[in-house]
Amino acid sequence: MNRHKVKIAISGREYPMHITADEEEIVRKAAKIIKESISQFEEKYELRDHQDALAMCALQYVSKSLYHEQTEMSNSSEIEKKLDALIEEIRRNFI
């Protein structure tokens with residue numbers, strides 16, 4: 001894949017990255033969401049230190065990710081149980 005260099009600005013700092021064209025849109029969108037979250041935390045909690053807002057932003061997104069991961073695993077487990085029950089029913093009735 002063809003990678004190119006971009007600079008992504010977050011919280012007053014630029015971060016050089018080598019990414020593909022497909023990744024660039026996602027990375028830029030993620031940076032925009034992070035910037036908006038930082039601004040919201042700074043405004044809501046009257047934070048003066050960007051580091052505090054960035055830490056709270058990271059905590060929020062990792063917590064959401066873990067919640068969704070846990071929910072997804074739970075849903076997968078439920079689906080597996082239903083499939084197992086259906087397979088057992090098929091075996092009892094047709095085999």
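To keep things clear, this report deals only with the structure shown in the data block. (Residues numbered from 1 in each chain as written. Predicted model: local features only at pLDDT ≥ 70, side-chain atom pairs only at ≥ 80, totals over all residues. Heavy atoms only, no water.)

A word on the nonpolar core
Listed in full, the 10 residues of the largest apolar core are Val6, Ile8, Ile10, Ile19, Val27, Ala31, Ile38, Phe41, Ala53 and Cys57. No other element matches helix H1 (residues 21-45), which puts four residues into this core. (Core = buried A, V, L, I, M, F, W, Y, C linked by side-chain atoms within 4.5 Å. Buried < 20%, exposed > 50% of the residue type's maximum accessible area, 1.4 Å probe, protein only. Helix = DSSP H or I, 4+ residues; strand = E, 2+ residues; numbered from the N terminus.)

So, the environment of Tyr45
Position of Tyr45 among the secondary structure elements: in helix H1. In this structure Tyr45 comes out as partly exposed when scored by relative accessible area, which is 43%. Distance from Tyr45 to Asn75, taken between C-alpha atoms, is 35 Å for residues 30 residues apart in sequence.

Concerning unusual backbone geometry
A positive phi angle is found at Ser11, which is not glycine, with a value near 55°. Tracing the sequence through the fold places Ser11 in the loop between strand S1 (3-10) and strand S2 (13-20). A relative accessible area of 23% means that Ser11 is categorised as partly exposed. The phi dihedral of Glu46 falls on the positive side, at around 50°, and the residue is not glycine. On the basis of relative accessible area, Glu46 is assigned to the exposed category, the value being 68%.

Considering the side chain of Thr20
Topologically, Thr20 is positioned in strand S2. Among the residues examined, Thr20 registers a relative accessible area of 5% and is labelled buried. Every residue in contact with Thr20, bar those within four places of it in the chain, is listed here: Met1, Asn2, Arg3 and His4. (Contact = heavy atoms within 4.5 Å.)

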